[in-house]
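# Chain and residue survey
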Amino acid sequence: MQRPYVIIVSAASVDGRIASKTGYSRLSCPFDLKRLHEVRASVDAIMVGANTVINDDPTLTPRYVKAVRNPIRVVIDGKMRTPLTAKVVTNKEAPTIIVTTEQADRSKITQLVNMGVEVWVMGKERVNLKDVLEKLFTERGVRRVLVEGGGHLNWELIKEGLVDEIRLTISPYVFGAGTSFIEGEGYPTTMEGPRLRLRSVNICECGQEVIINYIVERCCSSI
Ligand SMILES: NC(=O)c1ccc[n+]([C@@H]2O[C@H](COP(=O)([O-])OP(=O)(O)OC[C@H]3O[C@@H](n4cnc5c(N)ncnc54)[C@H](OP(=O)(O)O)[C@@H]3O)[C@@H](O)[C@H]2O)c1
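Nothing here was measured: the structure is a model prediction, and the numbers come from that model.

Analysis parameters
- All residue numbers refer to position in the chain's written sequence, counted from 1.
- Since the coordinates come from a predicted model, pLDDT governs what is reported: local features require at least 70, and pairs of side-chain atoms require 80 or more to be given and counted, while whole-chain, interface and lining totals use all residues.
- With hydrogens and water excluded, all non-hydrogen atoms of the structure serve as input to the side-chain values.
- Helix and strand definitions follow DSSP, with helices as H or I runs of at least four residues and strands as E runs of at least two, each counted in order from the N terminus.
- Computation of the radius of gyration draws on C-alpha atoms, with the globule rule given as 2.2 Å multiplied by the number of residues to the power 0.38.
- Summary of the burial criterion: residues with accessible area below 20% of their type's maximum are buried, those above 50% are exposed, and those between are partly exposed, where the area comes from a 1.4 Å probe applied to protein chains only.
- Contacts between residues were defined by any pair of non-hydrogen atoms, one from each residue, lying within 4.5 Å.
- Per-residue and other accessible areas were derived by the Shrake-Rupley procedure at a 1.4 Å probe size, with only the shown protein chains allowed to occlude residues.
- In this tally, Asp and Glu contribute negative charge and Lys and Arg positive charge; neither His nor the terminal groups of the chain are included.
- Think of each charge as sitting on NZ of Lys, CZ of Arg, CG of Asp or CD of Glu.
- Two rings belonging to Phe, Tyr or Trp (six-membered ring only in the last case) form a pair when the distance between their centres is within 6.5 Å. Interplanar angles under 30 degrees mark stacking, angles over 60 mark edge-to-face geometry, and anything in between is tilted.
- In this scheme, Lys NZ or Arg CZ marks a charge over a ring once it lies within 6 Å of the ring centre and within 35 degrees of the ring normal.
- Proximity criterion: a residue is near a molecule or strand once any of its heavy atoms comes within 4 Å of it.
- In the analysis that follows, any N or O atom pair within 3.5 Å is treated as a polar contact, provided that within protein one partner can donate a hydrogen and the other can accept it, and provided that, for residues neighboring in sequence, both atoms belong to side chains.
- For two strands to count as paired, DSSP must find a minimum of two bridges between them.
- Each axis is a line fitted through C-alpha atoms, and for a helix only the stretch in contact is used; angles between axes span 0 to 180 degrees, taken between their N-to-C directions.
- What counts as a disulfide here is a pair of cysteine sulfur atoms lying within 2.5 Å.

## Remarks on the overall build of the chain
- The secondary structure content of the chain amounts to six helices and eleven strands.
- For the chain, the C-alpha radius of gyration of 17 Å lies close to 17 Å, the compact-globule estimate for 223 residues.
- By principal-axis analysis of the C-alpha atoms, the chain measures approximately 45 × 40 × 35 Å.
- For the chain, with 223 residues in total, the buried portion stands at 46%.
- A sequence separation of at least 24 residues applies to 69% of the contacts in the chain between residues at least 6 apart.
- Working note: accessible area of the chain is about 11,300 Å², and carbon and sulfur atoms make up 50% of it.
- Placing the 30 positive and 26 negative side-chain charges of the chain at their respective mean positions leaves the two points 3 Å apart.

Below, the structure is given as C-alpha cells:
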C-alpha cells in the first residue's frame, strides 16, 4: 500500500504535556509558531483529532508565511463531535474532510455536508487511519501529511506504524498533569515501541526552547 509521508509536529512542556489539565495548550513562542506554519505551507494535508478541534478551534491554514495553496484539513472524529461552529467548518480558505464512523449522527453529517464539508465514513466504531492515509494518497494526491495532535491521535498513528517523523519543541514550562504528547494505552518496555533516530537538535531563536527532530526507524509490534 502507498501512503503519504507523515510528520507529527508538536510543542510540549518539559514534562511532555501538550496541554494542561484544563486544556491550556499555548506552549509555542512566536518563532516556533512560524516554524509550524512553514510546515503547514509545505504539506498537502493537515490532520487533527476531534478533541483538538473542540478545545482549540484551530483554523489549520498556513499564516505568517507564503503558501502556494492551503492544505486539506482532515479531522479524525469517530463520533462526529466537531461543532458546526468550528473554524474548520466555517472557514472556507481550505477544504475540510471529517473522517468518522458509522456511530456518527446521520443528520449531523447531512448538516456538515450542506455546509461544504466532505465527510468520509470509514469504520464501524473506529476510523482505520491506514485506510484514511491510503485514500488521501490515491484519491487526493496527498504525499505529505502534517499531524498536529492531539495526544490520542498521535498515539493511534504511532501504534499503527504510520508515522515517519517527529518534530517536537520542548518549551520551558511544567504542567504536572494534562495531555501527554503521545497519550494511549502505552508500551510495557522500550522493546515494543518504535525506534527513533535523532536527526537534529536545535535551540530556538528565543533561546528557551529546544527543537528535537526524530525519524521513526521501525514501527512497533502490534499490542
Ligand atoms: N501543544 C501542542 O502542540 C498541541 C497540539 C495539538 C493539540 N494540543 C492539545 O491536545 C488536546 C487534545 O488532545 P487529545 O489527546 O485529548 O485529543 P485528540 O487526539 O485531538 O482527539 C482525540 C479524539 O479523536 C478521535 N479519534 C482519534 N483517533 C481516532 C480513530 N482512530 N477513530 C475514531 N476516532 C478517533 C476520538 O474521538 P471520539 O472519542 O469521539 O471517537 C478521540 O477521542 C487539546 O487540549 C489541545 O489543546 C496541543
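Continuing now.
## Some points on the packing of aromatic side chains
- Enumeration over the complete set of coordinates arrives at one aromatic pair.
- Seen in terms of ring centroids, Trp-155 and Tyr-187 are 4.9 Å apart; in terms of plane orientation they differ by 55°. Their pairing is tilted. Of the two residues, Trp-155 is situated in helix H6 (residues 151-159) and Tyr-187 in the loop between strand E9 (179-180) and strand E10 (195-203); the sequence distance between them amounts to 32 residues.
- The ring of Trp-120 has Lys-135 sitting right over it, with the charged end atom 4.6 Å from the ring centre.

## Re the side chain of Ser-10
- Mapped onto the elements of the fold, Ser-10 is located in strand E1 (residues 5-12).
- Note on Ser-10: relative accessible area 11%, which makes it buried.

## Focus: the site of the ligand
- Residues in contact with the ligand amount to 28 residues; listed here are only the nearest, Thr-52, Asp-56, Arg-81, Glu-148 and His-152.
- Gly-78 is positioned such that a nitrogen or oxygen atom in its backbone is 3.2 Å from a nitrogen atom of the ligand.
- A total of 920 Å² of accessible area belongs to the ligand in isolation, and the protein chains cover 91% of it.
- Put simply, the parts of the chain that give the shell around the ligand at least two residues each are E1, strand E2 (17-19), helix H2 (50-56) and H6.

## Digging into the sheet that holds strand E6 (residues 118-121)
- Spatially, the nine strands line up as an open sheet ordered E6-E5-E4-E3-E7-E1-E8-E11-E10, and their pairing is mixed. Single-partner strands in this sheet number two, and they are E6 and E10. Put simply, the sheet's adjacent strands are angled 20° from each other on average, direction ignored.
- Of the strand pairs in this sheet, strand E5 (residues 96-100) and E6 are connected by four bridges, and their pairing is parallel. If you follow Thr-100 over to E6, its bridge partner there is Val-121.
- Packed on one face of the sheet, H6 meets E1, strand E3 (45-49), strand E4 (72-76), strand E7 (144-147) and strand E8 (165-170) and runs near 110° to E3.

## A look at the state of the cysteines
- Overall, the coordinates contain zero disulfides when judged by the stated rule.
- Note on Cys-204: no disulfide assigned, nearest cysteine sulfur contributed by Cys-29 at a separation of 3.5 Å.
- What makes Cys-204 buried here is its relative accessible area of 3%.
- Not engaged in a disulfide, the cysteine Cys-206 finds its nearest cysteine sulfur in Cys-204; these two sulfurs lie 3.7 Å apart.

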